[in-house]
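Observations on the three-dimensional arrangement
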Amino acid sequence: MRTEAKKSDAGRTKSPLSFRKLQKASILLLLVGLCAFASFRSPTFFSWTNLVDNLLTNAAALGVIAIGMTFVMIAGGFDLSVASTTAVCSVVLVLTMDALSPYGAALAIPAALLLTSLVGIGLGTINGMLIAGVGVNPFVVTLSTMLVFRGIALILTGGGQAKQVADINLRNQFNWVYDAQLPLFGQDYQVSMPIVIFLVVFCLGIYLLRFTRFGHYVFAIGGNEEAAWLAGVNTHRIKAATYVLCGFTCAIAAAIFVAMTATAQAESHVGKELVVIASVIVGGTPLGGGSGGLTSTLIGLLLLRVIDNLLAQFSVGAEYRKVVTGMIIIVVVTVDVLAKRRSRK
Amino acid sequence: MFANDNLILQMQGIVKEFSGTRALDKVDFDVRCGEVHALIGENGAGKSTLMNVLAGRFNNYHGRITFDGHQVRITNPRQARDMGIAIIYQELSVLANFTVAENIMLGDEKAGRWTRKLDRAFINAGARDIIDYLRFDLDPDEPVERLSKARQCLVEIACAVRRKVKLLVFDEPTASLGSEDVDKLFEVIKDLKSRGLAIVYISHRLAELPIIADRVTVLRDGGKTGTMEIPECRISDLTRMMLGHDLAEVFPEKTNQPGKVILKVDGLSRPGAFENISFELREGEILGIAGLVGSGRTEIIRAIFGADKAHGKVVFQGRPIVGRSPYLCRALGIGMVPENRKQQGSITGRPVSENLNISILGRLSGVLGFQSSRRLTSQARLMIEQMKIHPPLPDIDIENLSGGNQQKVIVGRWLAAESKVIIFDEPTQGIDVGTKSQMYRLIVELACQGRAIILISSELIEITKLADRILVIRDGRLVREMQGPGTDEDALFAECVRKDNPE
């Protein structure tokens with residue numbers, strides 16, 4: 001019987017495991033294939049300017065948010081409020097810098113960054129408390145806070161005017177966050193600051209998710225929250241912490257965005273939450289959580305960005321790029337659902 | 001009750017009510033260290049409710065619980081767990097995305113003081129200790145989703161032992177295991193017992209008790225009917241204690257006459273679930289399908305009804321059904337009363353009338369699909385009367401009906417749709433004996449009217465008493481066909497669990 005049991009075990013469960021790897025590999029292959037195709041069709045695609053300066057630098061801020069989102073989603077949660085949170089953080093950052101500009105950049109910038117981080121953490125805490133503490137459905141909570149936070153951003157800017165740091169000196173100094181180029185690979189191959197920030201957050205994220213007890217519990221909650229709770233895991237705190245983390249990554253992203261555009265607008269980043277969630281899902285973290293990872297999310301994000309970039313190079317309009325992006329998500333998720341259904345029984 | 005130092009758990013006068021109905025009525029129950037105490041009773045007798053009280057799932061029970069020498073009030077599952085009570089449910093609560101070791105050590109991980117780094121060596125060493133101590137055949141690094149159900153059960157036991165469990169409750173563990181796995185589990189239980197653990201063993205398979213249990217407590221309709229030492233009790237006594245009367249009284253006389261073939265299943269297969277199933281069903285016939293939970297019996301009838309995809313042919317009244325789906329089957333005259341009433345049967349939150357008429361709304365609607373509520377209600381009243389649904393109110397939410405009456409509504413749905421074939425999947429699960437008896441009468445009556453019935457049940461006695469023919473399903477294959485009348489329940493059980501000779 002033992003052989004029989006093992007046989008049926010293998011029959012039932014080998015496939016989903018190999019499928020997981022297959023899916024991850026297929027997305028990576030798709031990414032590599034697209035890049036190859038792109039460089040073949042467009043000589044500028046594989047240039048350092050296009051890839052690093054343009055594509056990666058632009059993806060960095062959303063990538064930072066996607067890291068926070070991955071934690072939330074692996075724990076089985078969901079956060080629709082990230083774009084609004086980022087908007088509030090941007091506005092707070094600009095307003096505080098503006099207010100503190102008389103005291104000089106050395107004080108204004110760190111103080112403003114600190115306050116912005118606290119705001120991001122605070123907004124994440126609100127989500128976390130409502131979801132983990134009170135037990136309201138994450139979709140409902142973050143849909144509501146998405147509206148509330150957006151409203152707060154509008155109120156802070158007096159109805160949606162673009163805010164700018166008045167002090168030109170200070171503004172230029174803060175632009176360093178976006179403009180600075182680090183000659184990591186020699187003078188010809190400089191890496192922009194947003195990419196460096198992303199990489200730092202990414203490495204910290206990997207450590208937190210893969211190597212700490214906290215990360216271990218994030219996976220446990222996504223796998224079976226009730227069982228984790230019964231095993232003595234403080235599931236409420238861990239779940240809340242994922243939203244706090246997500247809020248914090250929004251604050252970091254806000255700093256990049258503000259440095260990039262030198263302004264803060266309450267209505268900015270609308271719809272970006274969907275791009276972030278799409279990257280996480282395309283990467284392979286399922287909606288119910290329990291599996292996935294940051295590398296997957298990075299691949300998912302890059303896939304979406306490369307497709308977008310590629311279409312832009314062929315002068316495909318933004319409206320068509322949206323259609324294509326949406327279709328890619330459907331295809332990836334459909335393949336996932338079909339393969340899972342096949343492997344289930 | 002006499003004093004006994006050995007008692008680890010004493011529950012006295014436990015009462016638990018669910019919105020007015022008493023699920024437990026002054027139940028006394030105790031367990032000694034180093035014994036296996038069986039808790040038996042029919043579905044709905046209160047076994048699981050009693051154990052859920054113990055597990056801390058309710059905080060509004062009445063009665064006294066003494067555990068390990070202290071009087072306690074158990075109000076949440078964490079408290080129960082911390083006291084040393086572990087319940088291994090049929091639906092195992094392991095983390096499929098974790099390895100064996102990670103599961104065993106969940107909640108007891110160590111992390112570095114400053115780095116907060118997870119100590120994986122500690123997890124592996126700790127898990128290995130427990131596995132060695134229990135002499136389980138488990139690989140700590142194996143992902144749990146790759147294990148069979150029996151082995152997942154071992155993981156849960158290891159988990160409980162790691163938490164220094166004192167009382168271990170098994171909730172119908174053998175319901176979904178094959179016979180070899182059952183033997184293995186019994187060995188494990190005996191080993192745990194010899195280590196001084198107190199074990200509660202919930203089951204409704206009486207035949208298992210002499211092998212595994214030391215004492216047995218019988219529950220019926222929320223009350224306790226007695227506790228006995230196993231060596232002193234006879235199976236027939238236990239049956240009577242469980243049912244409240246002899247079995248023969250419950251089942252109606254079979255008066256149906258099988259006629260011509262109405263449904264033919266030919267070579268139905270679904271890889272991984274079942275293979276090459278072929279059989280015929282006649283008008284006026286009750287066809288029993290017997291097999292363990294997980295043998296593929298539910299999957300087979302779901303495939304026939306078109307709820308799942310499968311290869312093979314299903315011929316209904318001489319014509320193959322192309323593109324099977326529940327929608328098409330309903331239109332042709334095949335109905336199914338699904339296994340899980342709550343999730344797949346009742347449309348909760350909606351009135352009885354809608355639940356009764358859902359399959360015939362097309363027929364009842366007027367111009368432009370207009371639904372006349374008067375028509376719906378009068379049609380519903382007709383069915384309520386015919387099915388003796390109680391209370392006879394078409395407008396109340398179906399959730400307010402008892403399990404048995406909800407089941408009648410779902411059967412009534414298919415009668416209203418004038419189905420010629422009705423598939424019953426565990427129709428008596430969780431309903432009381434009185435309603436069960438009515439359900440049996442109804443099934444025979446439907447067959448007498450010339451309808452063809454497929455009956456799946458885990459309670460094999462239902463099949464032997466009601467079915468004209470019995471198909472035995474084992475590991476997804478149709479292994480035997482038996483005659484219904486005259487087949488002995490034990491013989492049928494033996495057939496369901498018999499092991500195949502490999503190759």
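Quick caveat: nothing in here was measured; it's all calculated off a predicted structure.

Examining the overall build of chain B
For chain B, the count of helices and strands is 18 helices and 20 strands. With the C-alpha coordinates of chain B rotated into their principal frame, the extents come out at 75 × 55 × 50 Å. Residues classed as buried in chain B amount to 54% of the 503 residues present. Of the contacts made within chain B by residues no fewer than 6 positions apart, 65% connect residues no fewer than 24 positions apart. Accessible surface, chain B: about 22,200 Å² in total, of which carbon and sulfur atoms supply 48%.

Digging into the overall build of chain A
Along its length, chain A carries 13 helices and 4 strands. In terms of C-alpha radius of gyration, chain A reaches 21 Å, essentially the compact-globule figure of 20 Å for 345 residues. In terms of overall dimensions, chain A has a C-alpha envelope of 80 × 55 × 35 Å along the principal axes. A total of 345 residues make up chain A; the buried ones form 50% of that total. Once local pairs closer than 6 in sequence are excluded, the contacts in chain A between residues at least 24 apart make up 77%. Positive and negative side-chain charges of chain A, numbering 25 and 15 respectively, have mean locations separated by a distance of 13 Å.

Here's the deal with the nonpolar core
Membership of the largest hydrophobic core comes to 79 residues, with the highest contact counts inside it found for Met97(A), Phe174(A), Val218(A) and Leu106(B). Element by element, the count of residues in this core is highest for helix 10 (residues 235-261) of chain A, at 13 residues. Look past the residues within four positions of Leu106(B) in its chain and what remains in contact with it is Tyr217(A), Ala220(A), Ala227(A), Ala228(A), Ala231(A), Val233(A), Leu95(B), Phe98(B) and Arg162(B). Counting residues in hydrophobic clusters, the runner-up holds 74 residues, among them Phe305(B), Met336(B), Leu442(B) and Ile443(B).

Quick word on the confidence of the model for chain A
Averaged over all residues, the pLDDT of chain A equals 86, while 91% of them reach at least 70. Ignoring residues within four places in sequence, the model shows residues 1-15 of chain A, a span with pLDDT below 50, making 18 contacts including any to other chains.

Quick notes on the pattern of salt bridges
Residues and elements named next belong to chain B. What the rule picks out here adds up to 27 salt bridges over all chains. Close ionic contact of Arg-22 with Asp-25 constitutes a salt bridge, the shortest N to O distance being 2.7 Å. The exposure class of Arg-22 is partly exposed, given its relative accessible area of 42%. Across the salt bridge formed by Asp-82 and Arg-81, the nearest N and O atoms sit 2.6 Å from each other. Classification of Arg-81 as buried rests on a relative accessible area of 17%. Overlapping salt bridges, with partners in common, bring together Glu-17, Arg-22 and Asp-25 in one network.

Some words on the sheet that holds strand 10 (residues 223-229) of chain B
All names here are of chain B. Within the open sheet, the 6 strands sit side by side as 6-7-8-3-9-10. Their pairing is mixed. Only two strands of the sheet have a single neighbouring strand rather than two, namely strand 6 (85-88) and strand 10. Direction aside, neighbouring strands of the sheet carry axes that sit 20 degrees apart on average. Relative to strand 8 (residues 198-203), strand 7 (residues 167-171) is paired through 5 bridges, and the arrangement is parallel. What sits directly across from Asp-171, in strand 8, is Ile-202. Each of strand 6 and strand 7 touches helix 5 (residues 149-162); the most contacted strand, strand 6, lies at about 175 degrees to it.

What about the pairing of strand 17 (residues 421-425) of chain B?
Residue and element names in this part refer to chain B. Summarising burial for strand 17: 5 of the 5 residues are buried, a large majority. Taking every second residue as pointing to the same face, both faces of strand 17 are buried, with Val-421, Ile-423 and Asp-425 on one and Ile-422 and Phe-424 on the other. The pairing of strand 16 (residues 334-337) with strand 17 spans 4 bridges and is parallel. Across the sheet, residue Val-337 finds its bridge partner in strand 17, namely Phe-424. Sheet analysis places strand 17 next to strand 18 (residues 452-456), joined by 5 bridges and oriented parallel. Paired with Asp-425 across the two strands is Ile-456, which belongs to strand 18.

Comments concerning the sheet that holds strand 19 (residues 469-474) of chain B
Residues and elements named next belong to chain B. Read from one edge to the other, the open sheet built from 6 strands follows the order 16-17-18-13-19-20, with strand pairing classed as mixed. Edge positions in the sheet fall to strand 16 and strand 20 (477-483), since each has one partner strand and no second. Put simply, the sheet's adjacent strands are angled 20 degrees from each other on average, direction ignored. Relative to strand 19, strand 13 (residues 286-290) runs parallel, the two being bridged by 4 bridges. Looking across to strand 19, one finds that Ala-290 is bridged to Val-472. Contacting strand 13, strand 16, strand 17, strand 18 and strand 19, helix 9 (residues 297-304) crosses the sheet at an angle of about 150 degrees to strand 18. Lying on the sheet, helix 15 (residues 403-416) is in contact with strand 16 and strand 17; it crosses strand 16 at an angle near 175 degrees.

A word on the side chain of Ser90(A)
Along the chain, Ser90(A) turns up in helix 3 (residues 82-100). Setting aside its immediate chain neighbours within four residues, Ser90(A) contacts Ala254(A), Val258(A), Ala264(A) and His269(A).

Comments concerning the environment of Ala75(A)
All names here are of chain A. Of note, Ala-75 is situated in the loop between helix 2 (48-74) and helix 3. What makes Ala-75 buried here is its relative accessible area of 6%. Distance in space between the C-alpha atoms of Ala-75 and Ile-238 is 8.6 Å, their sequence separation being 163 residues.

Here's the deal with the interface of chain A and chain B
At the junction of the two partners, chain A supplies 29 residues and chain B supplies 41 residues. Together, the buried faces of chain A and chain B total about 3,000 Å²; carbon and sulfur atoms form 52% of this surface. The tally of links between chain A and chain B comes to 1 salt bridge. In this structure, Arg57(B) and Glu226(A) form a salt bridge, with 3.1 Å as the shortest nitrogen-oxygen distance. Where chain A touches chain B, the interface holds 11 residue pairs in polar contact (both at pLDDT 80 or more). Sorting the residues of the side of chain A that touches chain B by element identifies helix 1 (2-41), helix 8 (193-211) and helix 9 (213-230) of chain A as the ones contributing at least two each. Ranked by the residues each element gives to the side of chain A that touches chain B, the list is headed by helix 9 of chain A, at 12 residues. Across the side of chain A that touches chain B, the residue classes break down as 13 nonpolar, 7 polar and 9 charged.

Focus on helix 5 of chain B
All names here are of chain B. Its 14 residues place the ends of helix 5 20 Å apart at the C-alpha level, agreeing with the 20 Å of an ideal helix rising 1.5 Å per residue. Among the 14 residues of helix 5, 13 are classified as buried, and the element is accordingly described as predominantly covered. After helix 5 finishes, the residue Lys-164 shows a positive phi value of roughly 60 degrees.

Looking at the packing of aromatic side chains
This model, assessed by the stated rule, comprises 8 aromatic pairs over all chains. Taken together, a centroid distance of 4.9 Å and an interplanar angle of 75 degrees make the contact between Trp48(A) and Tyr189(A) edge-to-face. One end of the pair, Trp48(A), is in helix 2; the other, Tyr189(A), is in the loop between strand 2 (181-182) and strand 3 (191-192), and 141 residues separate them in sequence. Relative accessible area serves as the criterion here: at 42%, Tyr189(A) is assigned to the partly exposed category. With a centroid separation of 6.1 Å and an interplanar angle of 70 degrees, the aromatic rings of Phe186(B) and Tyr201(B) are classed as edge-to-face. Within this pair, whereas Phe186(B) is found in helix 6 (residues 179-194), its partner Tyr201(B) is found in strand 8, the two being separated by 15 residues in sequence. Take Phe186(B): its relative accessible area is 4%, and that puts it in the buried class. Taking the ring centre of Phe58(B) as reference, the NZ or CZ of Lys16(B) above it sits at 4.7 Å. The positively charged end of Arg195(B) is found above the aromatic ring belonging to Tyr133(B), 4.2 Å away from the centroid.

Overview of helix 4 (residues 120-134) of chain B
Because each turn of an α-helix spans 3.6 residues, side chains separated by three or four positions end up pointing in the same direction. Residues and elements named next belong to chain B. Given a rise of 1.5 Å per residue, 15 residues ought to cover 21 Å, and the 21 Å separating the end C-alpha atoms of helix 4 matches this to within 8%. By the N-cap criterion, in which a side-chain oxygen at the helix start approaches the backbone nitrogen of a residue two or three places on, helix 4 is capped by Asp-119, the distance to Ala-121 being 3.3 Å. Trailing helix 4 by a residue or two, Arg-135 shows a phi angle of about 55 degrees, which is positive.

How each quantity is defined
Residues numbered from 1 in each chain as written. Chains lettered and ligands numbered in written order. Predicted model: local features only at pLDDT ≥ 70, side-chain atom pairs only at ≥ 80, totals over all residues. Heavy atoms only, no water. Helix = DSSP H or I, 4+ residues; strand = E, 2+ residues; numbered from the N terminus. Buried < 20%, exposed > 50% of the residue type's maximum accessible area, 1.4 Å probe, protein only. Contact = heavy atoms within 4.5 Å. Areas by Shrake-Rupley, 256 points an atom, 1.4 Å probe, with all protein chains shown as cover. Rg over C-alpha atoms; globule rule 2.2 N^0.38 Å. Lys, Arg positive; Asp, Glu negative; His and termini not counted. Charge placed at Lys NZ, Arg CZ, Asp CG, Glu CD. Core = buried A, V, L, I, M, F, W, Y, C linked by side-chain atoms within 4.5 Å. pLDDT = per-residue confidence, 0-100. Salt bridge = Lys/Arg side-chain N within 4 Å of Asp/Glu carboxyl O. Pairing = 2+ DSSP bridges. Axes fitted to C-alpha atoms, helices over the stretch in contact; angles between N-to-C directions. Buried area = accessible area lost by both parts, 1.4 Å probe. Polar contact = N/O pair within 3.5 Å; in protein donor to acceptor, adjacent residues only side chain to side chain. Nonpolar A, V, L, I, M, F, W, Y, C, P; charged D, E, K, R; others polar. Expected span 1.5 Å × (residues − 1). Phe/Tyr/Trp six-rings, centres within 6.5 Å; stacked < 30°, edge-to-face > 60°. Lys NZ or Arg CZ within 6 Å of the ring centre and 35° of its normal.

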